[in-house]
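Descriptive structure summary
Next come the chains, spelled out residue by residue.
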Amino acid sequence: MADPAVNPWSKPNPRPPPPRSTSLPPTKSQIEAAGKSTSSATRRGLCRSCCLCSVTLLALLILLAATVVGIFYAVYRPHRPAFSIASLRVAALNISAAGQLIASRIDVNVTVRNPNKKLVFLYDPISFSVVAASGSGVDVGDGSFEGFVQEARSTKIVSATAASGRQQLEAAEAADLRKSTSLMVDVEMRTKAGVKIGNLITKKIGIKVLCEGINAAVSRGKATAAAVSTGGDCKVKLRIKIGKWNI
């Protein structure tokens, strides 16, 4: 028997229609903004990848350079050249009554030593200045040594004469130089040198040498001053240029 509560002739209730979307389609500006955002994200990803590759490559190059330098030092054990003043003589130092340095002549002998067993030094001409150590540092003479090749484990003495032309001095400086029987001077040298290792020759780098506190006798009249042997070592600095900077 059919259930009296169910009416077989009744129609089933229809399903309610799906709710209509109230959102509007994206505008052109929104589409462009989404595209730009995706493009920016892609570019940032590429930049990160490039930066990572660059940093990795730089680290590998630094590691390779450090390895090469380490091997070089282990095999050749390089040392800087050593300079010292073998002798220095002030042969002439003429000061006028008006306080003008008329002329000077200073004989300089320098000992250059190469302490390396396997390295040969190739020197350009060496320019030098003799400067009074006291007062304002008057330049009393300039000169240059000829360039030369220095073999490994060798010592060489180079000689030259420094001279100075006319220059006006301060009254106190002129008085001190006129009456001095000895002169405390510094010798400053500048040059460039390369290194020969077997058949390989490196690029030349700057070298600055400073020899301080040399007490030299001054020739007066017919009396000739003896050459002064100091035996003191000089300070040697290598001037390595990287880009615009000197190290």
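The structure displayed is predicted, hence computed values, not measured ones.

Observations regarding unusual backbone geometry
One non-glycine residue with positive phi stands out, namely Arg153, at about 55°. By the element assignment, Arg153 lies in the loop between β6 (148-150) and β7 (154-164). Relative accessible area serves as the criterion here: at 55%, Arg153 is assigned to the exposed category.

Description of the nonpolar core
Residues Phe83, Leu88 and Met189 are the most contacted members of the largest nonpolar core, which totals 44 residues. With seven residues, strand β9 (residues 182-197) is the single largest residue contributor to this core. Filtering out sequence-adjacent residues up to four positions away, Phe83 remains in contact with Val110, Thr111, Val112, Tyr123, Ile126, Met189, Val209, Asp233, Cys234 and Val236.

Comments concerning the side chain of Ser164
Within the fold, Ser164 resides in strand β7. Accessibility expressed as a relative area gives 14% for Ser164, which makes it buried. Ignoring any residue separated from it by four or fewer positions in sequence, one finds Ser164 in contact with Leu101, Ile102, Ala103, Ser104, Asp139, Val140 and Gly141.

Quick notes on the pattern of salt bridges
The tally for this structure, following the rule as stated, stands at three salt bridges. A salt bridge links Asp107 to Arg89; its shortest N-O distance comes to 2.7 Å. Here Arg89 lies in strand β1 (residues 82-95) and Asp107 lies in strand β2 (residues 100-114), a separation of 18 residues in the sequence. A salt bridge links Asp124 to Lys204; its shortest N-O distance comes to 2.4 Å. A residue pair is termed long-range when its members are at least 10 positions apart, and Asp124 in the loop between β3 (120-123) and β4 (126-132) and Lys204 in the loop between β10 (200-201) and β11 (205-217) qualify at 80 residues.

Description of a positive patch on the surface
The grouping of Arg190, Lys192, Lys203, Lys208, Lys237 and Arg239 at the surface amounts to a positive patch. Residue assignment for the positive patch shows that the elements contributing at least two residues are β9 and β12 (235-239). Counting through the fold element by element, Lys203 comes out in the loop between β10 and β11.

Remarks on the side chain of Gln150
One can find Gln150 in strand β6. For Gln150, a relative accessible area of 1% corresponds to the buried category. A polar contact of 3.1 Å, which involves the side chain of Gln150, links it to the backbone oxygen of Ser154. Dropping the residues within four chain positions of it, Gln150 is found in contact with Val112, Arg113, Asn114, Val120, Phe121, Tyr123, Thr155 and Lys156.

A few points about the state of the cysteines
In this structure the tally under the stated criterion is one disulfide. Bridging Cys211 to Cys234, the disulfide has an S-S length of 2.0 Å. The chirality of the disulfide connecting Cys211 with Cys234 is right-handed, given an S-S dihedral of about 105°. With Cys211 in strand β11 and Cys234 in the loop between β11 and β12, this residue pair connects regions lying 23 residues apart in the sequence. For Cys234, a relative accessible area of 12% gives the class buried. No disulfide involves Cys47; its nearest neighbouring cysteine sulfur is the one of Cys51, lying 6.3 Å away.

Concerning helix α2 (residues 171-179)
Quick reminder: α-helices carry 3.6 residues per turn. Residues three or four places apart thus point the same way. Considered for burial, the residues of α2 that qualify are Glu173, Ala174 and Leu177. For α2, the angular spread of the buried residues around the axis is 95°, confining them to a single face. Residues of α2 that are exposed and point more than 90 degrees away from the buried face comprise Ala171, Ala172 and Lys179. On its buried face, α2 is in contact with β1 and β9.

Thresholds applied
- Residues numbered from 1 in each chain as written.
- Predicted model: local features only at pLDDT ≥ 70, side-chain atom pairs only at ≥ 80, totals over all residues.
- Heavy atoms only, no water.
- Helix = DSSP H or I, 4+ residues; strand = E, 2+ residues; numbered from the N terminus.
- Buried < 20%, exposed > 50% of the residue type's maximum accessible area, 1.4 Å probe, protein only.
- Core = buried A, V, L, I, M, F, W, Y, C linked by side-chain atoms within 4.5 Å.
- Contact = heavy atoms within 4.5 Å.
- Salt bridge = Lys/Arg side-chain N within 4 Å of Asp/Glu carboxyl O.
- Patch = residues over 30% accessible without salt bridge, like charges linked within 9 Å, V, L, I, M, F, W, Y side chains within 5 Å.
- Areas by Shrake-Rupley, 256 points an atom, 1.4 Å probe, with all protein chains shown as cover.
- Lys, Arg positive; Asp, Glu negative; His and termini not counted.
- Charge placed at Lys NZ, Arg CZ, Asp CG, Glu CD.
- Polar contact = N/O pair within 3.5 Å; in protein donor to acceptor, adjacent residues only side chain to side chain.
- Disulfide = S-S within 2.5 Å.
- Arc of directions from axis to C-beta.

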